[in-house]
Amino acid sequence: MKRLKSELINTAVESYLKRRHYQISDVFYKGSQVHCRTSDEMTLNATAASATSQDNSIIFSAISIDVAAADQAYQRLKMWVNIALDDKLKMELKGLLYPVFCHLYLEMLHAGNRQAAAQFLKSHQNEFNSETEKDFLEELSSVFSVQDIELRPLVNSFRTRKYKVDMSDIAHLCLQQFLSKHGHIILMQIINTHVTIIKKMDVPEIDAEGFEETGTRPEVGINGCVEQPSGTGADREMRELQEAIRLIRNNAHQPLRIFAVNNAVENASSGIIPPNMDKLAVGFSTTEIRLWGISETVLIKPKYEEPPFTFASDIPFLNQFYETSDKTTEGGAVILRGHTDIVHDLRFIPESEILLSVSSDKDMRAWRLNDYTCAAIYSGHNYPIWCMDLSVFNLYVATGSHDRTAKLWSLDRVFPLRIFAGHFLDINCVKFHPSARYLATGSADKTVRLWDKDDGNLLRVYIGAQSTIYSLAFSPDGKYLAAAGDDKSICVWDLATNALLTELKGHEDTIMNLDWSFDGQYIASGSLDGTIRLWPTHDHIKTLNSNSSNLVPETQSPQIYSTYCSSILSLRYYNKNNSLVCIGTVDNL
């Protein structure tokens, strides 16, 4: 008698359930005869469908192990990985071979094919050469049955916990395409059940969080990786993500992020990151400027194109010279050469893909980032230029020099628009007011001067600092001005009344960097002692400003972060989550 199609399906499912040691109940037979579904069943089916459609989920299917086919599938996967055209993709995909190989061996044992499993292990185990892999494979070679797995904690933990493999979006897409065309069902089963593919995020490689460490739950490490319990990994990741989101929402200020430049303690003199945080530029005492791409950004030598920005001193021979000599890369960095002395300060103009630099050679240079050529040279100072700043909308540039003057520039003019003269010693720092109507200068003569940008007139002289001033910062609302330097303290003045509001003391060495958070709640300071402090402005400034008595109210202690950097090149707040970013140098990472 010919059997119905539904009977054949039921027989196949029943056979599978028996092989997997599931109990056959009446529910199974009842469900096969129901032609309509309740709302609960529809919800359950939708949940299952969405779970298997996650980015990290390749496919899920039950399989009956076929040793020969599984071996061929593994060899096909290995061959595909080895012929990958891109070396970077090859290295990422190779990370998948090891967990797949180990779990294939255990699957063969689970199916009762002990002899074939041993032959499979012997044929391919020499392909893994690291010490941790060899040690684990030696442990694995002494496992001959399912019972042996449970008797060996290391193997049992490997079997019951998911193995993490890092992959980029491109590598993950290539893997999905391969499995959809050539992947055996056993490979898909293993990847889905025993492997967690972690997509690489756009986070800088050299990045340290500056917040205090909190207690974390111990993780089981298998062969140098941290695994997740099978079946609960997604739930735990979701809980951790929700907790991280909660902490971020409760704290508007993100943890301190540190970009460390290795082996540059003696040579690095300045550093900067653009607002979109895709590049890192560092100036050196060797007269060079080096550019690195951050995260997935790769700096490549492009063809020359006409820039969208017009410069005052565009000179054809400069482009020809740099076209042949300046586009070299070393260690992933693009090197810009042209200055003849130490590079002291840098600024990005991201909208126009321009980098500005000032040097002891008395010049300011503009560099095109679309072809890494020097677009213009601005000469006007008589002595080394120590500092620079950009106005809002990047319309003007201000520079401060050893010649005791500050100058105002527009990039489409070869000459300075204004000269601000009046300091008795070097101008070490310049800062535009948030309105761009005023310019502040800090000097070695222990004073801060406020100038009118439009006519060059001196408006205010702020006194109170006890030594050389190296850094300035305006509050976002433009009401206050902070200055710091050799006296290891931060002076804060009220611009309207000319009064010194407070002095913030605590650093043990010269303060070289200051910045004010975009919401005005914190002043960040970086010192030569390698520490960064966050001073709450509500406690230290606004309370004092509104207090009519001479008594100093109790204030909250600043937050202190140790960077472990030998020097701090830059300390700035960025609009992205109001995050504080530090660039420093270290001897060894």
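Attention here is on the structure that accompanies the text. Not measured: the values here are computed from a predicted model.

1. Quick word on the pairing of strand β9 (residues 279-284)
Okay, step 1: Judged by how many residues are buried, β9 sits mostly within the fold: 6 of 6 residues are covered.
Okay, step 2: A two-sided burial pattern is seen for β9, the buried positions comprising Lys-279, Ala-281 and Gly-283 on one face and Leu-280, Val-282 and Phe-284 on the other.
Okay, step 3: Sheet topology note: the strand β8 (residues 268-272)/β9 ladder contains 4 bridges and is antiparallel. Bridge assignment links Ile-272 to a residue of β9, and that residue is Ala-281.
Okay, step 4: Connecting the antiparallel pair β8 and β9 is a turn made up of 6 residues, with Met-277 showing a positive phi of about 55 degrees.
Okay, step 5: Judged from the 5 bridges that link them, β9 and strand β10 (residues 289-293) form a sheet pairing that is antiparallel. Along β10, the bridge assignment pairs Gly-283 with Ile-289.
Okay, step 6: Connecting β9 to the antiparallel partner β10 that follows it, the hairpin turn spans 4 residues, and Thr-287 within it adopts a positive phi of roughly 80 degrees.

2. Side note on the nonpolar core
Okay, step 1: Counting residues in hydrophobic clusters, the biggest one holds 44 residues, and the most contacted among them are Val-100 and Leu-104.
Okay, step 2: Looking at which element gives the most residues to this core, the answer is helix α5 (residues 87-110), with 13 residues.

3. Thoughts on the packing of aromatic side chains
Okay, step 1: Applying the stated criterion across every chain yields a total of 13 aromatic pairs.
Okay, step 2: Ring centres 6.1 Å apart and planes at 70 degrees place the aromatic pair Tyr-378 and Trp-409 in the edge-to-face group. You can see Tyr-378 sitting in strand β16 (residues 373-379) and its partner Trp-409 sitting in strand β19 (residues 405-409), a full 31 residues away along the chain.
Okay, step 3: With relative accessibility at 0%, the residue Tyr-378 sits in the buried group.
Okay, step 4: When its relative accessible area of 1% is taken as the criterion, Trp-409 is described as buried.
Okay, step 5: What links up through ring pairs into an aromatic cluster is the set Tyr-74, Tyr-98, Phe-101, Phe-120, Phe-128, Phe-136, Phe-158 and Tyr-163.
Okay, step 6: Above the ring of Phe-284, the side-chain terminus of Arg-290 is found at 5.9 Å from the ring centroid.

4. Describing unusual backbone geometry
Okay, step 1: Positive phi, close to 55 degrees, is recorded for Met-277, a residue that is not glycine.
Okay, step 2: One can find Met-277 in the loop between β8 and β9.
Okay, step 3: Here Met-277 falls in the buried class, since its relative accessible area comes to 10%.
Okay, step 4: One non-glycine residue with positive phi stands out, namely Ala-436, at about 70 degrees.
Okay, step 5: Mapped onto the elements of the fold, Ala-436 is located in the loop between β21 (427-432) and β22 (438-443).

5. So, helix α10 (residues 169-182)
Okay, step 1: If you check α10, its first and last C-alpha atoms are 20 Å apart, about what 14 residues at 1.5 Å a residue would give, namely 20 Å.
Okay, step 2: Lining the buried residues of α10 we find α4 (67-82), α5, β1 (161-167), α11 (185-194) and β2 (195-199).

6. Observations regarding the sheet that holds strand β15 (residues 363-368)
Okay, step 1: Spatially, the 4 strands line up as an open sheet ordered β13-β14-β15-β16, and their pairing is antiparallel. Strand pairing shows two members of the sheet lacking a second neighbour, β13 (343-349) and β16, which therefore form its edges. Strand-to-strand twist in this sheet, taken as the mean axis angle between neighbours without regard to direction, amounts to 20 degrees.

7. Thoughts on the side chain of Ser-391
Okay, step 1: Tracing the backbone shows Ser-391 in the loop between β17 (385-390) and β18 (397-401).
Okay, step 2: When its relative accessible area of 4% is taken as the criterion, Ser-391 is described as buried.
Okay, step 3: Separated by 3.0 Å, the side chain of Ser-391 and the backbone nitrogen of Tyr-396 make a polar contact.
Okay, step 4: Apart from the residues within four sequence positions on either side, Ser-391 is in contact with Tyr-396, Phe-432 and Ala-436.

8. A few points about the pattern of salt bridges
Okay, step 1: Inspection of the entire model under this criterion finds 11 salt bridges.
Okay, step 2: The partner of Arg-152 in a salt bridge is Glu-139, with the nearest N and O atoms 3.4 Å apart. Here Arg-152, found in the loop between α8 (146-151) and α9 (153-160), pairs with Glu-139, found in helix α7 (residues 131-140); they are 13 residues apart in sequence, far enough to count as distant.
Okay, step 3: Given the relative accessible area of 28%, Arg-152 is considered partly exposed.
Okay, step 4: Close ionic contact of Arg-290 with Glu-288 constitutes a salt bridge, the shortest N to O distance being 3.3 Å. Like Arg-290, the residue Glu-288 is buried in the burial classification.
Okay, step 5: A single salt-bridge network, built from bridges that share partners, covers Asp-278, Lys-279 and Glu-353.

Calculation notes
Residues numbered from 1 in each chain as written. Predicted model: local features only at pLDDT ≥ 70, side-chain atom pairs only at ≥ 80, totals over all residues. Heavy atoms only, no water. Buried < 20%, exposed > 50% of the residue type's maximum accessible area, 1.4 Å probe, protein only. Helix = DSSP H or I, 4+ residues; strand = E, 2+ residues; numbered from the N terminus. Pairing = 2+ DSSP bridges. Core = buried A, V, L, I, M, F, W, Y, C linked by side-chain atoms within 4.5 Å. Phe/Tyr/Trp six-rings, centres within 6.5 Å; stacked < 30°, edge-to-face > 60°. Lys NZ or Arg CZ within 6 Å of the ring centre and 35° of its normal. Expected span 1.5 Å × (residues − 1). Contact = heavy atoms within 4.5 Å. Axes fitted to C-alpha atoms, helices over the stretch in contact; angles between N-to-C directions. Polar contact = N/O pair within 3.5 Å; in protein donor to acceptor, adjacent residues only side chain to side chain. Salt bridge = Lys/Arg side-chain N within 4 Å of Asp/Glu carboxyl O.

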